[in-house]
Amino acid sequence: MSLSASPLDVSPVIPVVVIDDPATAVPLARALLAGGVAIIEVTLRTPRALDAVAAIAAEVPEIALGVGSVLTAAHVDQALAVGADFLVSPGTSPALRDRLLAAPVPVLPGVATVSEVLTALDHGWTELKFFPAGPAGGPSYLAAIGGPVPQVRFCPTGGVTPANLRDYLTVPSVPAVGGTWLTPRSLIEAKDWGGVTALATAAVTSANAARAPRP
Ligand code: 3PG
């Protein structure tokens, strides 16, 4: 589908998924939907990732379909060609930045410092991935770098867990958090779709309880 809202407003949790077998992509996406998570970020970390994206685009159009671990301009083109609704990168190079700026879908470029936030603002980007969230400094660091730029919203990923997602979501500039904990490889390999749905349901419940009231 094409997104009518920012990817940061679809769900307070964004599953960052690693798919080895494209045949698991559609049931995985449906399991997330069943748990109340209407968004998925498929990372370009496996040889068949683009096939997985294409399968979801064709068969689960109701889920907001992101492509993550976008590292190059070529990745942008490949992701758009198979139906990505939004793109996520852990950082930017000049070539990647230029292609992301030209992309006809929302993008969440990765940042980890104040200067990177300001550079992103220069490009007109106000919705950013904060990566790697835990090693970079965690919720208190993110709250601090967000202070001078209240117009920016962040999706922290990298080290977000059920135990700390509340700490991130109470930061006013954080509408959503992302991570791989929602879709463990073990559950995907076991085709334990009920297990994925249970993790999604628990995460949404926990996230909604944690989120600060938003304007
Ligand atoms: C990402 O690309 O967003 C992160 O690698 C996810 O990190 P996690 O495995 O700690 O959730």
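Residues numbered from 1 in each chain as written. Predicted model: local features only at pLDDT ≥ 70, side-chain atom pairs only at ≥ 80, totals over all residues. Heavy atoms only, no water.

1. A look at the site of the ligand
Taken together, Val16, Arg45, Lys129, Phe131, Thr157, Gly158, Gly159, Gly179 and Thr180 form the complete shell of residues around the ligand. The backbone of Gly159 places a nitrogen or oxygen atom 2.7 Å from an oxygen atom of the ligand. In the environment of the ligand, an oxygen atom lies 2.5 Å from a nitrogen or oxygen atom belonging to the side chain of Thr180. Protein burial of the ligand: of its 320 Å² of free accessible surface, 80% is covered by the chains. Taken together, the residues that form the shell around the ligand break down as 2 nonpolar, 5 polar and 2 charged. (Near = heavy atom within 4 Å. Polar contact = N/O pair within 3.5 Å; in protein donor to acceptor, adjacent residues only side chain to side chain. Areas by Shrake-Rupley, 256 points an atom, 1.4 Å probe, with all protein chains shown as cover. Nonpolar A, V, L, I, M, F, W, Y, C, P; charged D, E, K, R; others polar.)

2. Things to note about the side chain of Ser89
Residue position: Ser89 is located in the loop between β4 (86–88) and α4 (94–102). Since its relative accessible area comes to 2%, Ser89 is described here as buried. Those residues within four positions of Ser89 in sequence are excluded, and the remaining contacts are Val70, Leu96, Leu100, Leu108, Pro109, Gly110 and Lys129. (Helix = DSSP H or I, 4+ residues; strand = E, 2+ residues; numbered from the N terminus. Buried < 20%, exposed > 50% of the residue type's maximum accessible area, 1.4 Å probe, protein only. Contact = heavy atoms within 4.5 Å.)

3. Notes on the pairing of strand β1 (residues 13–17)
Within β1, 5 of the 5 residues are buried, which leaves it mostly tucked inside the rest of the structure. Both faces of β1 are covered, namely the face carrying Val13, Pro15 and Val17 and the face carrying Ile14 and Val16. As paired elements, β1 and strand β9 (residues 177–179) share 3 bridges and run parallel to each other. Paired with Val13 across the two strands is Val177, which belongs to β9. Relative to strand β2 (residues 39–43), β1 runs parallel, the two being bridged by 2 bridges. Across the sheet, Val17 pairs through a bridge with Val42, a residue of β2. In the classification by handedness, the crossover that spans β1, the intervening helix α1 (residues 25–34) and the parallel β2 is right-handed. (Pairing = 2+ DSSP bridges. Right-handed = clockwise from strand over helix to strand, strands pointing away.)

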